[in-house]
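An overview of the molecular structure
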Amino acid sequence: MINKMIIGKKEFLFGEHTYIMGILNVTPDSFSDGGSYNTLDAALRQAEKLERSGCDILDIGGESTRPGYTKLSDEEEIERVAPVIEAVKARFDLPISLDTYKAGVARAGLLAGADMINDIWGLRYDNGQMAEVIAQCGVPCCLMHNRKTAEYGSLIPEIIDDLKITLEIAKSAGIQEDKIILDPGVGFGKTCEHNLRVLAHMKDLSDRAAGGLDYPWLLGASRKSVIGRTLDLPANEREEGTLVTTVMAVEAGWQFVRVHDAEKSARTIRMTEAILRSW
């Protein structure tokens, strides 16, 4: 696996620390915080809070991807995210990730100042157009596993096989290997039981000796339905469950967690890493 990555102006060193990608949804309908930050002032206040709390990357999204979400046109999504990206870029030093699976939105967001692309369809949505944009702009990307139906014969090997297809698309387009982060897609194209098994097998996904993929990995389980269904809790009461998944990501040696609450996550990571270093 590569031992470092440059995102924006920041160098990320891999091997001993798990970094935080903070979520900033500028949407009216996200499952957890829809409508909370869909004005520019509110978005900037939240960006400042995330930066103060220990966030390493800010992930800005303009279209909710919760079950049953309303798909936006490229123009609508760009209108939501581009002004926020520009404003955050002018005020803060945080690297900015743009959460989109649409090539047109990605290109506009990168022009507005985004430093990387977070693609929930792992380059498989638009016949290679997203891969071309990422390759042409030379930016890092987080490529997530996803399926239209939650049907598997053997879950973990099939996730790995699907991601190998994503990596082939990336390679064919000219995306450099040292600019790729992988995401197993908790909450996407999977049942609750599937999601629990993904969380239980994180080391297998990232361990080449176990048949996994030797890349930097990101876990995006924050407040997801697998936590809500397991604990029978609404989205705004899932923080303890989220922190458990963060601990497991650190234990698995993963490089990033994508979370809503950066402050509690930063404390959790520090404590877990201290224990692991002592052990």
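Structure: see above.
Calculation rules
Residues numbered from 1 in each chain as written. Predicted model: local features only at pLDDT ≥ 70, side-chain atom pairs only at ≥ 80, totals over all residues. Heavy atoms only, no water. Helix = DSSP H or I, 4+ residues; strand = E, 2+ residues; numbered from the N terminus. Rg over C-alpha atoms; globule rule 2.2 N^0.38 Å. Buried < 20%, exposed > 50% of the residue type's maximum accessible area, 1.4 Å probe, protein only. Contact = heavy atoms within 4.5 Å. Areas by Shrake-Rupley, 256 points an atom, 1.4 Å probe, with all protein chains shown as cover. Lys, Arg positive; Asp, Glu negative; His and termini not counted. Charge placed at Lys NZ, Arg CZ, Asp CG, Glu CD. Pairing = 2+ DSSP bridges. Right-handed = clockwise from strand over helix to strand, strands pointing away. Disulfide = S-S within 2.5 Å. Phe/Tyr/Trp six-rings, centres within 6.5 Å; stacked < 30°, edge-to-face > 60°. Polar contact = N/O pair within 3.5 Å; in protein donor to acceptor, adjacent residues only side chain to side chain. Axes fitted to C-alpha atoms, helices over the stretch in contact; angles between N-to-C directions. Parallel < 35°, antiparallel > 145°, perpendicular 65-115°, else oblique. Left-handed = near helix turned anticlockwise from the far one by under 90°. Nonpolar A, V, L, I, M, F, W, Y, C, P; charged D, E, K, R; others polar. Salt bridge = Lys/Arg side-chain N within 4 Å of Asp/Glu carboxyl O.

**A closer look at the overall build of the protein**
Of the regular secondary structure elements, the protein holds ten helices and ten strands. Taken over the C-alpha trace, the protein has a radius of gyration of 17 Å; the compact-globule value for 279 residues is 19 Å, and the two agree within 12%. On the principal axes, the C-alpha backbone points of the protein span a range of 45 × 40 × 35 Å. Evaluated residue by residue, the protein yields a buried proportion of 56% over its 279 residues. Taking contacts inside the protein between residues at least 6 apart in sequence as the whole, the part at least 24 apart equals 68%. As displayed, the protein has an accessible area near 12600 Å², and 48% of this comes from carbon and sulfur atoms. Positive and negative side-chain charges of the protein, numbering 32 and 42 respectively, have mean locations separated by a distance of 1 Å.

**Some points on the pairing of strand 8 (residues 180-183)**
The two faces of strand 8 match: I180 and L182 on one face and I181 and D183 on the other face are all buried. As paired strands, strand 7 (residues 141-144) and strand 8 are joined by four bridges and run parallel to one another. Each residue of the ladder has a partner; that of C142, found in strand 8, is I181. The β-α-β motif built from strand 7, the intervening helix 5 (residues 155-173) and the parallel element strand 8 has right-handed crossover chirality.

**Some points on the state of the cysteines**
As enumerated under the stated definition, the model contains zero disulfides in all. Of all cysteine sulfurs in the structure, the one in C142 sits closest to C55, which takes part in no disulfide; the separation is 14 Å. Cysteine C137 remains unbridged, with the sulfur of C141 as its closest cysteine sulfur at 11 Å. Here C137 falls in the partly exposed class, since its relative accessible area comes to 38%.

**So, the side chain of N195**
For N195, the position within the fold is in helix 6 (residues 192-200). N195 has contacts with G185, V186, G187, K190 and V226, leaving out every residue within four places of it along the chain.

**Let's talk about the environment of P83**
Topologically, P83 is positioned in helix 2 (residues 74-91). Sequence separation of P83 and I134 is 51 residues, and the distance between their C-alpha atoms is 21 Å. Once you skip the residues sitting within four places of it in the chain, P83 turns out to touch L40 and I78.

**Digging into the packing of aromatic side chains**
Counting across every chain of the model gives six aromatic pairs. Measuring from ring centre to ring centre gives 5.8 Å for F14 and F256, while their planes differ by 80 degrees; the resulting arrangement is edge-to-face. With F14 in the loop between strand 2 (10-13) and strand 3 (19-25) and F256 in strand 10 (residues 256-259), this residue pair connects regions lying 242 residues apart in the sequence. Across the pair, exposure class does not vary: F14 and F256 are buried alike. An aromatic cluster is built from F12, F14, Y19 and F256, whose rings are joined through pairwise contacts.

**Things to note about the environment of Q255**
On the secondary structure map, Q255 appears in the loop between helix 9 (239-251) and strand 10. Of the residues examined, Q255 reaches a relative accessible area of 5% and is grouped as buried. Once you skip the residues sitting within four places of it in the chain, Q255 turns out to touch M1, F14, H17, T18, Y19, Y215, P216 and W217. For Q255, the side chain forms a polar contact with the main-chain nitrogen of W217, separated by 2.7 Å. A polar contact is formed between the side chain of Q255 and the backbone oxygen of G253, at a distance of 2.9 Å.

**A few points about the packing of helix 1 (residues 40-53) against helix 2**
The contact between helix 1 and helix 2 brings their axes to 10 Å, and the two run at 45 degrees. Considering the angle they form, helix 1 stands oblique to helix 2. You can see that helix 1 and helix 2 cross each other, and the crossing is right-handed. Seen from helix 1, the contacting residues are L40, A43, L44 and A47; seen from helix 2, they are P83, V84, A87, V88 and R91. Among the residues making up the contact of helix 1 with helix 2, the classes are represented as eight nonpolar, no polar and one charged.

**Some remarks on the pattern of salt bridges**
Counting across every chain of the model gives 14 salt bridges. Here E77 and K102 are joined by a salt bridge, their closest N and O atoms 2.8 Å apart. Residue E77 is found in helix 2, and its partner K102 is found in the loop between strand 5 (96-99) and helix 3 (103-112); the two are separated by 25 residues along the sequence. Taking the relative accessible area as the measure of exposure, K102 reaches 4% and is therefore buried. We note a salt bridge from R223 to E239, for which the minimum N-O separation is 3.4 Å. One end of the pair, R223, is in the loop between strand 9 (218-219) and helix 8 (225-231); the other, E239, is in helix 9, with 16 residues separating them in the sequence. The class of E239 is buried, set by a relative accessible area of 14%. Members of the salt-bridge network, linked through shared partners, are D59, D99 and R258.

Shape descriptors only; they carry no functional weight alone.
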